[in-house]
Every structure is written in C-alpha cells, then in structure tokens.
Amino acid sequence: MSTFSAASRSGRRVGLPALVTASVLAALATTVPAASARAPGPPVGGECGGQEQTRRAVRLLTERDGIPGAAVLVNDPATDGRCGRWTEAAGTADLRTGRPMNSADRLRAGSVTKTFTAALVLQLVAERRLSLDEPVERRLPGLIQGHAHGHGYDGEQITVRQLLQHTSGLPDYLEAPEWEEYEQLRYRRFESRELVRRALELPPPQDAWHYATTNYLVLGLLVREVTGRSPEAEIDRRFIKPLGLRDTYWPGGDPRVQGPHSRSYFVDGDGRRVDGTDWNMTFAGAGGALVSSPGDLTRFAGALLGGRLLPAAQLAEMRRTVEADPDRVWPGARYGLGLISTPLSCGGTWWGHAGTVPGGHRALVAVGPGGRSAAVALNTVPDSLPAELDFLDVVDKSLCGGRSSERNSV
C-alpha cells in the first residue's frame, strides 16, 4: 500500500491500481494502544534550523493544496536541547469538530509497513533462517504457479531478494478490476493467500521493477512458514515492544483506529469528500496495515538506519538499490530492500519509505545525513503534481534546514 487517491482535481475517476506505488507519486502518471506524550511545539527563544522553511512548506499543503491537515515531526540527535525535537502542523485533524492537526496523533502508516516487514526478513537472514537468494518455492511450494492462467509465474524463479525490492515480476492484486471501485470493498475481510491467488490471475507487468504489495504478502507468508508465527506477531515482538512504540499496532480486522488519531478523507466517485478513517486493512497485511504515529516512525527508522536493528551486512543489503520507475515513485528515487533512497537539495540522501491508504491517510518517514529524521502525516492524499511536490518539499526542508550544501550520506 502506498499511494491511493479517489479522484483528480478534474473530477476524473482514478482507479486504485494506478495509485498503489512505492511511495508518494504513483498518481502522477494519471493525475500529473495508549497514546504517547504530546510532541513539543516551537521552541521558546528562537527558531531551530530549518523550522521556518518547514513551517511555510507545511502551510502550503493546507492553504494552497487543499489538504485538511498536515504535520511533521523532526528529530535531530546531533542537536542538544530544545532543537533536538520539534514539530510543525497546519490545518485540521477532524473536519467535524475543527480539532487542529498535530504530530502526536496516530494515523494509518500504509506502505511504511513494508520497511518493518523488510527489517524482519533481514533479521531472519542474519539468523540464517532465510537466504536472500533462495527461491520462494523452497518454503512455499505451489504458492506461485501461474501456468493455470497462462502467465507462467514460477516460484522456483522468484527469490526473497526480488520480493523485497519489487523485481519479482509479480503483478499487484490491487490492479484487478474490482479495485477500481475500492470503497465498495471497504469493510471486507481478506486473507493473504486469497489475494496472492488473485494476483496470479493477472498478466505480468512489463517493466523489470514493478511495485506490488503482492510481494510483501508473500514475504509475510514466508515469515509464518519460517518462524511458526505471523509477521504481525514477529514485528510486535522484535520491534514494536522493544522500541517502546506505544502508538504502533496491527488493527487486524477492526476498521477503527484506536486512541487519539486524525480523521482521514478521500473523494468518492461523485466528487464528494468522504470520511475514510474506518477501513478494514486486512487487504494490506504485512504490506501496509500498521497504525503508527510520527514519533514512533522516527524512532523505528532512526533505530534501523542507525544500525541498532540489523547487523552491518544486512543493513548494507537493505540499502543496495535498483532503479525505480519514476512514474511509480518520483525522479531520483531508488528502491532497496523495503527502503527508498532520495537525493536531498543540500547534498546527501534520505532513506525511508512512504505510504498511503485508501481512506486518505498518508505517512512518510525519512532519515537524512547525520541521523536527522522527519515523519510527515497528512489526512488527505494530494491529488495534483504541485501538491505532490509540495509534500516532498516538506521532507527536504525538514532534513536540509540549517545545513550547508555538502555531499554526504547517512
């Protein structure tokens, strides 16, 4: 799960398949648990580096692009005191009550979930319980066989690495015709094997790199086969609890978001703005179902990119990237094993992931040079090219503000 949008500003209906991407700009091809403590507001006695630029970038999303609410949380371990953690927010978290947007609310993390799942798989690789280059057929015999539909998918030819980096050649089940009207499936419960079977009925993608949540559902099934536990249970045991991610949890089949959260909104087929907060996320599973918060996402990403969750060899594998389709992500972005890399205007690269769910939440977490991290939360998916670029600019301003332009990397 990554990017979804109900309609373009012109009112033309956009199907879900075109909008499920590696992270943020898939739509461009068609539309060019207890809550944690509240995050601190602007520091008293002056601005932190880049805070004013970030504030302006966040306000553009609400004042120019029509996003009801936007928020960003920035953590900078290289800075002491009041500027080590700051936030900016604009707009409204709940259109019914008028409650202001903030960076402490929970939201659906969408495809940021893929980074959690990828980190879990890399831990199993480090434990020598999986190999990146072993075929899927070895652990899940008969799961990927597309000959019955004339497409020739073969689990003997698809490796764990290819699943992680979206080079498996599998199509996305969300490209099936029934997902053109995805809100009709809003409260339906799905099983991963059912969705994988549906994907195998579809023709193969034409490009070598093709973002497909199908890959991560297969990875979830692999985790269950190898560990005897669900990927949800393993991620909870290995990451969520040890890191103290109190706002991060798996919703299962419960369509509601528990605890303090922003509402989310999408535009339906009739062009009306609809509250899409309640949604059964079983269709996303290990590829996009997590609920989290900006604070939890920066804590997880900081631990991962800081080398606290994986040995150096596995983290290096995670950061080995391939060229990604710019129509499915954005120009300059590359895809690793559940990680996206993107150049920064000030030099260096940010690493992270983004995600969007059909109800309208969008999340992005990024770690830049020196370990500064940022997590952005929106409660409506941008539906135009300028809005998408404004969204990415919030990330760039948050990570580049106050830094000189110099070529370095995380």
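Look up: the structure comes first, before these words.
**A word on the state of the cysteines**
(1) Moving on: Under the counting rule described, the total for this entry stands at two disulfides.
(2) Moving on: In this model, C48 is linked to C83 through a disulfide, with the two sulfur atoms separated by 2.1 Å. Taking the torsion about the S-S bond as the criterion, the C48 to C83 disulfide, at about -90°, is left-handed. Placement of C48 in the loop between α1 (28–31) and α2 (51–63) and of C83 in the loop between β1 (69–75) and β2 (85–94) is noted, with a sequence separation of 35 residues between them. This pair shows no difference in class: C48 is buried, exactly as C83 is.
(3) Moving on: Within the protein chain, bonded cysteines paired by disulfides and numbered along the sequence follow the pattern 1-2, 3-4.

**Concerning the pattern of salt bridges**
(1) Moving on: Taken as a whole and assessed by the stated rule, the structure comprises 29 salt bridges.
(2) Moving on: When the shortest N-O distance is used, the salt bridge between E52 and R55 registers 2.4 Å. Residue E52 and its partner R55 are both found in helix α2; the two are separated by three residues, about one turn of the helix.
(3) Moving on: The class for E52 is partly exposed, based on a relative accessible area of 30%.
(4) Moving on: With relative accessibility at 11%, the residue R55 sits in the buried group.
(5) Moving on: The salt bridge partner of R263 is D275, with a shortest N-O separation of 3.0 Å.

**Brief notes about the layout of surface pockets**
(1) Moving on: Reported here for the largest pocket is a volume of approximately 400 Å³.
(2) Moving on: Forming the boundary of the largest pocket are 19 residues, of which E191, S192, R224, E232 and G285 lie nearest the centre.
(3) Moving on: The set of elements that each furnish at least two residues to the lining of the largest pocket consists of α6 (192–200), α7 (214–227) and α8 (231–240).
(4) Moving on: Per element, the largest residue contribution to the lining of the largest pocket is four residues, and it comes from α7.

**What about the pairing of strand β10 (residues 340–343)?**
(1) Moving on: Pairing of strand β9 (residues 334–335) with β10 involves two bridges; the strand directions are antiparallel. Its bridge partner being in β10, R334 is matched across the sheet by S341.
(2) Moving on: Of the strand pairs in this sheet, β10 and strand β11 (residues 349–356) are connected by four bridges, and their pairing is antiparallel. From the neighbouring strand, I340 faces β11, where its bridge partner is G352.

**What about α6?**
(1) Moving on: Every buried residue belonging to α6 is among L195, V196, A199 and L200, and all of these are buried. For α6, the angular spread of buried residues about the axis comes to 145°, placing them on one side.
(2) Moving on: On its buried face, α6 sits against α7.

**Here we look at the packing of helix α3 (residues 113–126) against α8**
(1) Moving on: Contact geometry for α3 and α8: axes closest at 10 Å, N-to-C directions at 80°. In terms of orientation, α3 lies roughly perpendicular with respect to α8. Residues F116, T117, A119, L120, Q123 and L124 of α3 form the contact with α8, whose own contacting residues are P231, E234, I235, R238 and F239.
(2) Moving on: In terms of residue class, the contact of α3 with α8 is made up of seven nonpolar, two polar and two charged.

Cut-offs applied
Residues numbered from 1 in each chain as written. Predicted model: local features only at pLDDT ≥ 70, side-chain atom pairs only at ≥ 80, totals over all residues. Heavy atoms only, no water. Disulfide = S-S within 2.5 Å. Helix = DSSP H or I, 4+ residues; strand = E, 2+ residues; numbered from the N terminus. Buried < 20%, exposed > 50% of the residue type's maximum accessible area, 1.4 Å probe, protein only. Salt bridge = Lys/Arg side-chain N within 4 Å of Asp/Glu carboxyl O. 1 Å grid on protein atoms, 1.4 Å probe; cavity = no way out; pocket = protein on both sides within 12 Å on 5 of 7 lines; lining within 4 Å. Points joined across faces, edges and corners; volume = space filled by probe spheres on them. Pairing = 2+ DSSP bridges. Arc of directions from axis to C-beta. Contact = heavy atoms within 4.5 Å. Axes fitted to C-alpha atoms, helices over the stretch in contact; angles between N-to-C directions. Parallel < 35°, antiparallel > 145°, perpendicular 65-115°, else oblique. Nonpolar A, V, L, I, M, F, W, Y, C, P; charged D, E, K, R; others polar.

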